[in-house]
Amino acid sequence: MTLDDVPAVSALEQRLFPVDAWPLQMFRDELSQPETRRYLVAQGSDGIVGYAGLMCIEPIADVQTIAVVPEYEGRGIGTTLLTTLIEEARRRRAADVLLEVRADNPRAQQLYVRFGFEQIHIRPRYYRDGVDALIMRLQLADAPGGGTAHGTTTEGPRP
């Protein structure tokens, strides 16, 4: 993801997460910290169709967001984005990758479980609409090599 991508990503963010959308400036702020952040976009014939971000402060990496537009779900985009984030966490020598996922998003939860994430905690009423967040962790020493999961997600942590 580059600064030029931020307006399109922000528009997708508003569409996909109307209750919990990040403000446009938050994406700019995240991109201004490359020493601890990595953000990606997935391009389709219609422009940006997915995006994802990782924060890594050794020894913990945290998936900040991952999203794929519904029209492109089921094409392996979410899998590719998550695989790339996990590879980046390994490159940055993280021991664990953490993320929050909505308790009412079984599709995303299934993707994470296929990658070896396990639920370690619940944050009650974490999201603005009162839905709980499931805290999930992937221990990289035990992570499946390369991630072989198939599927996509439109959910990630929200501020």
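Here, the structure is the one placed above.
We now turn to the structure provided with this report. (Residues numbered from 1 in each chain as written. Predicted model: local features only at pLDDT ≥ 70, side-chain atom pairs only at ≥ 80, totals over all residues. Heavy atoms only, no water.)

**Let's talk about the overall build of the protein**
Counting its secondary structure elements, the protein contains four helices and six strands. For the protein, the succession of helices and strands along the chain, N to C, is α-α-β-β-β-α-β-α-β-β. Burial status across the protein gives 52% buried among its 159 residues. Partitioning the contacts of the protein with sequence separation of at least 6, the portion at a separation of at least 24 is 65%. Surface accessibility of the protein: about 7400 Å² in total, with carbon and sulfur atoms responsible for 51%. (Helix = DSSP H or I, 4+ residues; strand = E, 2+ residues; numbered from the N terminus. Buried < 20%, exposed > 50% of the residue type's maximum accessible area, 1.4 Å probe, protein only. Contact = heavy atoms within 4.5 Å. Areas by Shrake-Rupley, 256 points an atom, 1.4 Å probe, with all protein chains shown as cover.)

**Concerning the sheet that holds strand β4 (residues 96-102)**
Judged by pairing direction, the sheet is mixed, and its six strands sit side by side in the order β1-β2-β3-β4-β6-β5 without closing on themselves. Edge positions in the open sheet fall to β1 (37-44) and β5 (118-123), since each of these has one partner strand only. Strand-to-strand twist of the sheet, defined as the mean angle between neighbouring strand axes without regard to direction, takes the value 25 degrees. Taken together, the eight bridges between strand β2 (residues 47-57) and strand β3 (residues 60-68) define a ladder with antiparallel strand orientation. Along β3, the bridge assignment pairs Met 55 with Asp 62. (Pairing = 2+ DSSP bridges. Axes fitted to C-alpha atoms, helices over the stretch in contact; angles between N-to-C directions.)

**Notes on the packing of helix α1 (residues 6-16) against helix α2 (residues 24-31)**
To describe two helices that pack against each other, one gives the angle between their axes and the distance between the axes. Relative orientation of the contacting elements α1 and α2 amounts to 130 degrees, with a least axis distance of 9 Å. Put simply, α1 runs oblique to α2. Every pair of crossing elements has a handedness; the one defined by α1 and α2 is right-handed. Taken together, the residues of α2 that come into contact with α1 (itself represented by Val 6, Pro 7, Val 9, Ser 10 and Glu 13) are Leu 24, Phe 27, Arg 28 and Leu 31. Split into classes, the residues belonging to the contact of α1 with α2 amount to six nonpolar, one polar and two charged. (Parallel < 35°, antiparallel > 145°, perpendicular 65-115°, else oblique. Left-handed = near helix turned anticlockwise from the far one by under 90°. Nonpolar A, V, L, I, M, F, W, Y, C, P; charged D, E, K, R; others polar.)

**Quick notes on α2**
Taken residue by residue, α2 has Phe 27, Glu 30 and Leu 31 as its buried positions. One side of α2 carries all its buried residues, which in axial view fall inside an arc of 95 degrees. On its buried face, α2 sits against α1, β1, β2 and β3. (Arc of directions from axis to C-beta.)

**Overview of the pairing of β1**
Examined bridge by bridge, β1 and β2 share eight bridges and lie antiparallel to one another. Each residue of the ladder has a partner; that of Arg 37, found in β2, is Met 55. Where β1 hands over to β2, the hairpin turn is made up of two residues, counted between the paired strands.

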